[in-house]
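# Observations on chain architecture
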Amino acid sequence: MSKTILISNRLPVTVRKKDDQITFHESIGGLATGLKGYQQKSGSPWIGWAGIADEVLSDDDKQLIDDKLNEKWSCVPVSLTKDDLDKYYYGFSNNTIWPLFHYFLNKTHYDFRTWEAYKRVNNKFFEAVDRIMEADDTVWIHDYQLMLLPQMIRNKYPNAKIGFFLHIPFPSYELFRTLIWREEILRGLLGADLIGFHTYDYVRHFFSTCTRLLGLNRKIHTIIYEDREVHVDAFPMGIDYDFFAGHTTDESQAASFKKMSSMKTILSIDRLDYTKGIPEKIRSFRRLLVRYPQYREKVRFNLIVAPSRVKVDSYKRLRRQITELVSSVNGTYGTVDWMPIWFYFQSFPQEQLISFYRHSDVLLVTPLRDGMNLVAKEYTASRTDLQGMLVISETAGAARELGEAVIVNPYDYNAVAAGIKTALEMPTEEKAARNKIMQERLKRYNIHFWVRTFLETLKQVTSQPDIIAAKNLDQDHSLVVNAYRRAKKRVLFLDYDGTLVGFAQTPELAKPDAELRELLRTLAEDPKNTIVINSGRDKSSLEQWFPESNLHLVSAHGLWVRHPNQKWKMTVPLNNEWKKAIRPILQMNADRMPGSFIEEKEYSLAWHYRLCEPDAIDLWLPTIKANLMNLTSSLNLRILQGKKVLEIKDNRVSKGSVTPLFLRGKHYDFVFGIGDDQTDEDLFASLPKNAFSVKVGIDETRAAYRLKSWHAVRALLRKFAETGKELEAANRL
Ligand code: GDG
């Protein structure tokens, strides 16, 4: 039976070793808590690091840890060395990706060694997956430490169902593009079938990055990547609502909180991190005391900071900065009876956190950037009395769902101070009304809902029947290879760019490689074969690239033909009068769209817009097309939508218009036509019914068959060549 494998940097269980004693502890954090419930129920294996460096452990320790984690928690530990942790975790993950994705460009460090470690450790995770993976398993990968893993798994398991969820923000394209390894990261992620983010803003940024950086096309919810559709959507992570709402506070704790109840209390709980805006929060609190002095001696601020990455210098500095700010505020405004800020640099047991939630009038969540922020949700859920009010910054993902809270700009101290005042003074009924709406939402979109919808969506997007009728030849070449073997007289029409070679950035780079030359030579030398290179390229490129005299060349989408040992011949007489009317229109658009240009071919005008801003194209293309339609309707012209190109061409010239020249009176018993873009549809349409028409890629087609990429085309052509050689050898015997 197929299983679902969970993968994250940390396991939900943390291992510690003290005085040679190995102990096991529950990991803290939203992700661990969130997925634990699902894992326990489903028995899914969970792959991750157990929180202890490899060097610290003896072989016996490792065996014990492996066994215990496996038996008791279905966990599979990935062992990481101190060097891995330094470079992959503290280095690339936390010094490059974390700051950049949280918009801290000036804290983003680049180091090739950490990038190498990131690749290496992602591969370690892959090896761990590989050990337990079966072909039809589902994997759910979590977070920014493992962004290369989806593609690594895809390479070995092309049919695996792969989901990826990013727990931190996905930044705007303008930020993301500054990353040195932007393309590798993006392609790593695109190995998944489903990519989930907390909010639609992140989804939008991801789409915009894929279209701009990789020139990919998108549909409403999907990105077309190579031969697959990658589904991208928002899945805001929820909390275990019933746990927080149903939790009973123990009496002794309630009593100690009552002691501070003579005062209004403001609570803040963050991990020590510069993204959380802790110094800014303290300054905002100081602003409250300055602007609204009536609150002096009337309010107590419980500032809880959970230690994190404490060995990192910048975190040490942040801690110092917080301590200094706290003592400055306390020193300036404190009195004999009153200390404004109570600073706790420690982690609390969860029950105690809930007590804090229940006894605080205001929760102040003001990160400068935060993927979601579960603390905000936990607080709101814990307030079963419907009292208390959340003040949250608009740059936390959770603000998108908690619109009834007081929403502030965390950089604006006056606004935050005013927000705290609003929350403190909000009438009881209003608080109740707002909290009720938020609680209803949190109750519904809880953690179970999150897990369920993500996994159901993954199942749905990976089990969609092939929407395109064409039969896929990738798994099984035998049908076409057998027909090739049986045939006595064959013709093969081969498109060039995107079919025989991959797409190259510049036309010069697209010239055939040695393997392709050899392959075509072998095929063309077979006396049973007629090999036609049917391309949109100009005559001189084809001539230069294919000097072999036994290939038939068709250039300019069928305008010119050159048979072996003959001269180029024009297939239709051209009249280019129409260009005078169309060119100015295209020129006007080209002038208005930076990055676009016009290419004039003998029989067509092509407007290329590959480098244009995709939003501008989405906006203008329909209008431009409609205008051109009007103009061309009375002429013998056709508008062709290619890949990032709009071509207006003489209707009599097409890749299909040349096939009769080859087929007429020839009685081929094997007709094969292959191509990857819109212009090849004319070829497919012109072939006889029993022909093998093959589309390369996943776009809609009238072809009968399909191959996924130019690599697959090469593989098939190699089989043709081998078959030919086998037949020849058999004949010689
Ligand atoms: C990432 C994203 C996103 C905190 N202090 C203690 C403690 N906690 C618990 C809270 C909460 C969790 O840790 C913190 O969750 P957050 O969402 O606030 O932040 P992160 O875990 O840093 O990180 C974030 C999240 O992933 C989920 O996708 O929301 O944006 O950065 O559950 O209650 N728990 C205990 N003691 C503490 O002192 N026991």
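Residues numbered from 1 in each chain as written. Predicted model: local features only at pLDDT ≥ 70, side-chain atom pairs only at ≥ 80, totals over all residues. Heavy atoms only, no water.

### Structural notes on the overall build of the protein chain
A tally of regular secondary structure across the protein chain gives 25 helices and 30 strands. Taken along the three principal axes of its C-alpha coordinates, the protein chain extends 105 × 65 × 40 Å. Of all 733 residues assigned to the protein chain, the portion counted as buried reaches 55%. Surface exposure of the protein chain reaches about 33,200 Å², of which carbon and sulfur atoms provide 51%. Counting 102 positive and 91 negative side-chain charges, the protein chain places the averaged centre of each group 2 Å from the other. (Helix = DSSP H or I, 4+ residues; strand = E, 2+ residues; numbered from the N terminus. Buried < 20%, exposed > 50% of the residue type's maximum accessible area, 1.4 Å probe, protein only. Areas by Shrake-Rupley, 256 points an atom, 1.4 Å probe, with all protein chains shown as cover. Lys, Arg positive; Asp, Glu negative; His and termini not counted. Charge placed at Lys NZ, Arg CZ, Asp CG, Glu CD.)

### Description of the sheet that holds strand E26 (residues 637–642)
Here we have four strands laid out as an open sheet, ordered E24-E25-E27-E26, and antiparallel in their pairing. Every other strand in the sheet has two partners, leaving strand E24 (597–600) and E26 as the edge strands with one partner each. Going across the sheet, the axis of each strand differs from the next one's by a mean of 20°, ignoring polarity. With respect to the sheet, helix H21 (residues 579–592) is in contact with E24, strand E25 (604–608), E26 and strand E27 (645–650), its orientation differing from that of E25 by roughly 5°. Strand contacts of helix H22 (residues 614–632): E25, E26 and E27, with the helix running at about 165° to E26, the strand carrying the most contacts. (Pairing = 2+ DSSP bridges. Axes fitted to C-alpha atoms, helices over the stretch in contact; angles between N-to-C directions. Contact = heavy atoms within 4.5 Å.)

### Remarks on the site of the ligand
For the ligand, the set of nearby residues contains 22 residues, the closest of which are His167, Phe348, Asp370, Leu374 and Glu378. Between the ligand and the protein, one listed contact pairs an oxygen atom with a side-chain N or O atom of Asp370 at 2.5 Å. Protein contact buries 89% of the 730 Å² of open area that the ligand shows by itself. Those elements that place two or more of their residues in the shell around the ligand are strand E12 (264–271), helix H13 (350–358) and helix H14 (374–382). Partitioning the shell around the ligand into residue classes produces 10 nonpolar, eight polar and four charged. Taken domain by domain, the shell around the ligand gets at least three of its residues from each of domain 1 (4–234) and domain 2 (251–444). (Near = heavy atom within 4 Å. Polar contact = N/O pair within 3.5 Å; in protein donor to acceptor, adjacent residues only side chain to side chain. Nonpolar A, V, L, I, M, F, W, Y, C, P; charged D, E, K, R; others polar. Domains from an automatic or database assignment.)

### Overview of the sheet that holds strand E11 (residues 228–234)
Strand order in the open sheet formed by nine strands is E5-E4-E1-E6-E7-E8-E11-E10-E9, with mixed pairing between adjacent strands. Both outer strands of the open sheet, strand E5 (75–77) and strand E9 (217–218), are each paired with one neighbouring strand and no more. Examined bridge by bridge, strand E6 (residues 138–142) and strand E7 (residues 161–165) share five bridges and lie parallel to one another. Note on E7: the bridge partner recorded for Thr138 is Lys161. Running at roughly 140° to E7, helix H17 (residues 447–462) makes contact with strand E1 (4–10), E6, E7, strand E8 (194–197) and E11 of the sheet.

### Overview of the nonpolar core
With 104 residues, the main nonpolar core has Ile7, Met147, Ile153, Phe170, Ile185, Leu190 and Phe206 as its most contacted residues. Lining this core are residues from two domains, each supplying at least three of them: domain 1 (4–234) and domain 2 (251–444). When residues no more than four places from it in sequence are discounted, the contact partners of Ile185 are Phe92, Trp115, Tyr118, Met147, Leu148, Phe176 and Leu179. In this structure, Phe257, Leu353, Ile354 and Ala405 belong to the second largest nonpolar core, which totals 57 residues. (Core = buried A, V, L, I, M, F, W, Y, C linked by side-chain atoms within 4.5 Å.)

### Comments concerning the environment of Pro410
Position of Pro410 among the secondary structure elements: in the loop between strand E17 (406–408) and helix H15 (413–425). Residue classification places Pro410 among the buried positions, given a relative accessible area of 2%. Here the alpha-carbon distance between Pro410 and Val365, two residues 45 residues apart in the chain, equals 9.0 Å. Apart from the residues lying within four places of it in its own chain, the contact partners of Pro410 are Glu280, Thr366, Pro367, Leu368, Ser393, Thr395 and Val416.

### With respect to H21
With 14 residues, H21 extends 20 Å between its outermost C-alpha atoms, agreeing within 8% with the 20 Å of an ideal straight helix rising 1.5 Å per residue. Restricting attention to buried positions, one finds in H21 the residues Lys579, Ile582, Leu586, Asn589 and Ala590. For H21, the angular spread of the buried residues around the axis is 100°, confining them to a single face. Exposed and facing more than 90 degrees away from the buried side of H21 are Lys580 and Asp591. Looking at the buried positions of H21, the neighbouring elements they touch are E24, E25, H22, E26 and E27. (Expected span 1.5 Å × (residues − 1). Arc of directions from axis to C-beta.)

### Quick notes on the domain arrangement of the protein chain
Structurally, the protein chain comprises domain 1 (4–234), domain 2 (251–444), domain 3 (471–572 + 653–732) and domain 4 (579–650). Taken over C-alpha atoms, the centre of domain 1 sits 42 Å from the centre of domain 3.

### Focus: the packing of H14 against helix H16 (residues 428–444)
Look at H14 against H16: their axes get within 9 Å of each other, and the N-to-C directions meet at 115°. On the basis of their axis angle, the class for H14 and H16 is roughly perpendicular. In this structure, H14 meets H16 at a crossing whose hand is left-handed. Contacts between H14 and H16 involve Lys377, Thr380 and Ala381 from the first element and Asn435, Met438, Gln439 and Leu442 from the second. Looking at the contact of H14 with H16 residue by residue, the class counts come to three nonpolar, three polar and one charged. (Parallel < 35°, antiparallel > 145°, perpendicular 65-115°, else oblique. Left-handed = near helix turned anticlockwise from the far one by under 90°.)

### Describing the pattern of salt bridges
Opposite charge on two side chains permits them to pair, given that their charged atoms come into close proximity. Overall, the coordinates contain 51 salt bridges when judged by the stated rule. Notably, a salt bridge pairs Lys219 with Glu229, separated by 2.9 Å at the nearest N-O pair. One end of the pair, Lys219, is in the loop between E9 and strand E10 (222–225); the other, Glu229, is in strand E11, with 10 residues separating them in the sequence. Relative accessible area serves as the criterion here: at 30%, Glu229 is assigned to the partly exposed category. With a closest N to O distance of 3.1 Å, Glu600 and Lys579 form a salt bridge. Placement of Glu600 in strand E24 and of Lys579 in helix H21 is noted, with a sequence separation of 21 residues between them. (Salt bridge = Lys/Arg side-chain N within 4 Å of Asp/Glu carboxyl O.)

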